[in-house]
Amino acid sequence: IRDRASIVAVISDHVTLKRSGRNYMGLCPFHAEKTPSFTVSEEKGIFHCFGCGVGGSVFHFLMQYDHLSFPEAVERVANRYGIEIERADGPTGSIQIGERESLYRINERAAANYQKILFTQPVGRTALDYLKSRKVTDEIARRFMLGYAPQTGSGLLDLLRKERLSVKDALRLGLIGQRSTQQFHEKFFARLMFPIVNAGGKIVGFGGRVLDSGLPKYINSSETPLFHKSSTLYGLCHAKEGIRKGDRVVVVEGYLDVIPLHQFGISYAVATLGTALTPDHVRVLGR
């Protein structure tokens, strides 16, 4: 996969590179600099920054840039170049996947469950009516994977057990809480659900909004191995192409500020998640 890939082409998706002799140079995406010290060698298939010392193969770049595990980075490059990956069965006969993939899988299944409730179950009608009152179309709601967590719960625990997903991992992700050794409860209920997606298209957390005047109006996932509020921007996955093409970004306050802007063609809008704009946010946008 590494031999087939063009490291220059992959990194150019994220960094502006200019030819310099046999190599390519650009501003390092991993630290702030004004003079390019980030070099990429197509011939050797490696990158290196003389400013901060980061370097490695195309896989190492994606692992650090998009916070991917090694298998995820390999799969990303393979998909780009049409290379099929076969996964071997582990000793128990089931596919062995890394810790991060297990966490992503739980978030994906939770998001799909919330969306199913919103669009197909009578209990989701109130949330759909609320979205219509905010002029949010079904099309854009589906694009941003909006969902609903009912007052009585979404059945998440039953779903985890049915699909043999880890309840312990769901606890780490902040989707459920624990009252006693055997007593669990859902953390999100009676809320419109907003999956938070990273730049690589993976769901890293959730935001939930009440539909009435209850407080707190919004709650977000707690900090997890996947989700870091101070460096995450809502809508970035959808906005990154618009940001690149327009060379501009609009930073707004919340979920329901981003979504209507995208609905009306402002494709370069993102939002912070209940925090002030941080240096990490700016670094992510700078990339």
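Calculation rules
Starting afresh in each chain, residues are numbered from 1 along the sequence in its written order. In keeping with the model being predicted, local features are shown solely for residues with a pLDDT of at least 70 and side-chain atom pairs are shown and tallied solely at 80 or more, while totals for entire chains, interfaces and linings include all residues. Side-chain metrics in this entry use all non-hydrogen atoms of the structure; hydrogen atoms and water are not considered. The working definition used for a salt bridge is a side-chain nitrogen of Lys or Arg within 4 Å of a carboxyl oxygen of Asp or Glu. Secondary structure elements follow DSSP: runs of H or I of four or more residues count as helices, runs of E of two or more count as strands, with numbering from the N terminus. Only protein chains enter the accessibility calculation, which uses a 1.4 Å probe; a residue is then buried when its area is under 20% of its type maximum, exposed when over 50%, and partly exposed in between. Each cavity reported here is a set of points on a 1 Å grid over the protein atoms alone in which a 1.4 Å probe fits but cannot get out, each pocket an open set with protein on both sides within 12 Å along at least five of seven lines, and each lining residue one with an atom within 4 Å of a point. Grid points are joined across faces, edges and corners, and a volume is the space filled by probe spheres set on the points. For this classification, the nonpolar set comprises Ala, Val, Leu, Ile, Met, Phe, Trp, Tyr, Cys and Pro, the charged set comprises Asp, Glu, Lys and Arg, and every other residue, Gly included, is treated as polar. Each C-beta atom gives one direction from the helix axis, and the arc is the one those directions make. In what follows, residue pairs with any heavy atoms lying within 4.5 Å of each other are defined as contacts. Paired strands, as defined in this entry, are two strands with at least two bridges between them according to DSSP. In this analysis, axes come from line fits to C-alpha atoms, helices being fitted only over the stretch in contact, and the angle between any two N-to-C directions falls in the range 0 to 180 degrees. Under this rule, positive means Lys or Arg and negative means Asp or Glu; His and the chain ends count for nothing. Polar contact is the term for a pair of N or O atoms within 3.5 Å; when the atoms are in protein, one must be able to donate a hydrogen and the other to accept it, and sequence-neighboring residues count only if both atoms are side-chain atoms.

**Quick word on the pattern of salt bridges**
Then comes step 1: Using the criterion set out here, one finds 10 salt bridges in the structure.
Then comes step 2: One salt bridge connects R80 with D13, and the closest N-O pair in it is separated by 2.3 Å. Of this pair, R80 sits in helix α3 (residues 70-80) while D13 sits in the loop between α1 (7-12) and β1 (18-20), and the two are 67 residues apart along the sequence.
Then comes step 3: Assessed through its relative accessible area of 40%, R80 is described here as partly exposed.
Then comes step 4: The residue E241 makes a salt bridge to R244 at a minimum N-O spacing of 2.5 Å. Taken as a pair, E241 and R244 lie in helix α9 (residues 236-246) at a separation of three residues, close to a single helical turn.
Then comes step 5: R244 gets classed as partly exposed once you look at its relative accessible area, which sits at 35%.
Then comes step 6: Among the charged side chains, a network of salt bridges with common partners joins R105, R109 and E163.

**Things to note about the layout of surface pockets**
Then comes step 1: Of the voids in this model, the largest pocket is the one considered here, and its volume is about 1,200 Å³.
Then comes step 2: Lining the largest pocket are 46 residues, with Y65, R283, V284, G286 and R287 positioned closest to its centre.
Then comes step 3: Of all elements in the fold, only β2 (23-26), α4 (99-120), α9 and α11 (279-286) reach the threshold of two or more residues within the lining of the largest pocket.
Then comes step 4: Among the residues forming the lining of the largest pocket, the class breakdown is 23 nonpolar, 11 polar and 12 charged.

**What to know about α11**
Then comes step 1: Every buried residue of α11 is listed here: H281, V284 and L285. Seen along its axis, α11 keeps its buried residues to an arc of 95°; they face one direction. Among the exposed residues of α11, those oriented more than 90 degrees off its buried face are P279 and G286.
Then comes step 2: Elements that come into contact with the buried residues of α11 comprise α9, β12 (250-252) and β13 (269-271).

**Considering empty space enclosed by the protein**
Then comes step 1: Under the counting rule described, the total for this entry stands at one cavity of 30 Å³ or more.
Then comes step 2: If you tally residues by element for the lining of the largest cavity, the top one is strand β9 (residues 191-197), at three residues.
Then comes step 3: Taken together, the residues of the lining of the largest cavity sort by class into six nonpolar, two polar and no charged.

**Re the sheet that holds strand β11 (residues 218-220)**
Then comes step 1: With antiparallel pairing, the four strands of this open sheet are ordered in space as β6-β9-β10-β11. Sheet topology places β6 (147-149) and β11 at the edges, where each strand pairs with a single neighbour. Taken pair by pair, the neighbouring strands of this sheet meet at an average axis angle of 30°, ignoring direction.
Then comes step 2: In the sheet, β6 pairs with β9 via three bridges, with the strands oriented antiparallel. For A149, the partnering residue across the bridge sits in β9 and is R191.

**Points about the side chain of E33**
Then comes step 1: Within the secondary structure layout, E33 lies in the loop between β2 and β3 (38-41).
Then comes step 2: The buried charged residue E33 lacks any salt bridge, with R283 as its nearest oppositely charged partner at 11 Å.
Then comes step 3: Within the local environment of E33, its side chain forms a polar contact with the backbone nitrogen of C28, the two atoms lying 2.6 Å apart.
Then comes step 4: A polar side-chain atom of E33 sits 3.2 Å from a polar atom in the side chain of H31.
Then comes step 5: Ignoring anything within four residues of it in the chain, the contact list for E33 reads G26, L27, C28, F38 and C49.

**Considerations on the pairing of β2**
Then comes step 1: By the alternation rule, side chains of β2 split into Y24 and G26, which are all buried, and N23 and M25, of which none is buried.
Then comes step 2: Pairing between β1 and β2: three bridges, direction antiparallel. In the strand pairing of β2, R19 is matched with Y24.
Then comes step 3: What sits between β1 and β2 in their antiparallel hairpin is a turn of two residues, with G21 showing a positive phi close to 70°.

**Brief notes about unusual backbone geometry**
Then comes step 1: The linkage connecting L215 with the following residue, P216, adopts the cis geometry, with an omega of -5°.
Then comes step 2: Within the element layout of this structure, P216 appears in the loop between β10 (203-209) and β11.
Then comes step 3: Phi angles above zero are rare outside glycine, and K135 is one such case at about 65°.
Then comes step 4: By secondary structure assignment, the location of K135 is in the loop between α5 (125-133) and α6 (138-143).
Then comes step 5: Residue K135 is classed as exposed on the basis of its relative accessible area of 62%.
Then comes step 6: Even without a glycine there, the phi angle at A190 is positive, about 55°.
Then comes step 7: Relative to the helices and strands, A190 is located in the loop between β8 (184-186) and β9.

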